[in-house]
Amino acid sequence: KRCQGEFNKYPSYMLSCMMNVDRASEREKIVDLLRSMNLPNSFIGLVNEDKDAWLKMEQMYGSDPEIPMDLRGYAFHNDAYYHQIQQSRACISLPGGSGFDFRFWEILARGSLLISKRVMLQMPNPPIENKHYLAFDTIDELKDIIHKLYDTHDKIDEIRWAGYQYARKYHTTHKRAEYFLNVINSSQ
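Residues numbered from 1 in each chain as written. Predicted model: local features only at pLDDT ≥ 70, side-chain atom pairs only at ≥ 80, totals over all residues. Heavy atoms only, no water.

A. Focus on the pattern of salt bridges. Considering all chains together, one arrives at seven salt bridges under this definition. Note that Arg118 is salt-bridged to Glu129, the shortest N-O span being 3.0 Å. Taken together, the residues Arg118 in the loop between strand E4 (113-117) and strand E5 (134-136) and Glu129 in the loop between E4 and E5 connect sequence positions eleven residues apart. Where Glu141 meets Arg118, a salt bridge forms, and the shortest distance between an N and an O atom there is 3.3 Å. Of this pair, Glu141 sits in helix H5 (residues 139-151) while Arg118 sits in the loop between E4 and E5, and the two are 23 residues apart along the sequence. (Salt bridge = Lys/Arg side-chain N within 4 Å of Asp/Glu carboxyl O. Helix = DSSP H or I, 4+ residues; strand = E, 2+ residues; numbered from the N terminus.)

Pasting the structure below:
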């Protein structure tokens, strides 16, 4: 439940993009583009890490305190980051070093509109483009999405609500475990 939040009908920001650009050159290009667009009511940059983010993760049993910090990866809980997502009508997610990014699910679970590269991975109950999230492959497609974001609030809010409901229905930890157990039980 650490990623889930209440749906915010009146977010403070129109768009947020909070990506570390040193892990993928495509991220740097997108961040540079967004900054050059001078988008009103947007947040482009990194959110400071909570000083006790690792401790919070340990308390949720999401990080093993026996593992050295430098080997834990990015498994920490940052309240400021989750607050920024929840205060944003839309957030951009791009894969980092792994080809997929947990940010994808965090954005949906917090009720912000997910703007992402098209999903190419096969998964159970995949999100539907233009119903649960907005997708792009090119810079021009991303620019079109951003213009829609600033021009058509009602449609955007419909998609972000549908994405939020979708994530809660199919992609919570409990729902994923339930799916996995059903697959195992049906194959016996």
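Structure's up, so let's keep going.
B. Region of interest: the sheet that holds strand E1 (residues 13-17). With parallel pairing, five strands are arranged side by side in an open sheet as E2-E1-E3-E4-E5. Strands with a single pairing partner mark the edges of an open sheet, and in this sheet they are strand E2 (42-44) and E5. Neighbour-to-neighbour, the strand axes of the sheet open up by a mean angle of 15°, direction not taken into account. Pairing geometry for strand E3 (residues 88-93) and E4, over four bridges, is parallel. Bridge pairing in E4 places Ile92 opposite Ile115. (Pairing = 2+ DSSP bridges. Axes fitted to C-alpha atoms, helices over the stretch in contact; angles between N-to-C directions.)

C. Region of the structure containing the nonpolar core. Residues Leu15, Leu34, Ile92, Leu113, Ile115 and Leu142 are the most contacted members of the largest nonpolar core, which totals 23 residues. Counting only elements with at least two residues in this core, the list comes to E1, helix H1 (25-36), E3, E4, E5, H5 and helix H6 (153-170). Grouped together as the second largest cluster of nonpolar side chains are 17 residues, Phe104, Trp105, Met123 and Ala135 included. (Core = buried A, V, L, I, M, F, W, Y, C linked by side-chain atoms within 4.5 Å. Buried < 20%, exposed > 50% of the residue type's maximum accessible area, 1.4 Å probe, protein only.)

D. Here's a closer look at the side chain of Ser112. Among the structural elements, Ser112 can be located in the loop between helix H4 (103-109) and E4. Only 3.4 Å separates the side chain of Ser112 from the backbone nitrogen of Ala90, close enough to count as a polar contact. Apart from residues lying up to four places away in sequence, Ser112 is in contact with Ile85, Ser88, Arg89, Ala90, Cys91, Ile107 and Arg160. (Polar contact = N/O pair within 3.5 Å; in protein donor to acceptor, adjacent residues only side chain to side chain. Contact = heavy atoms within 4.5 Å.)

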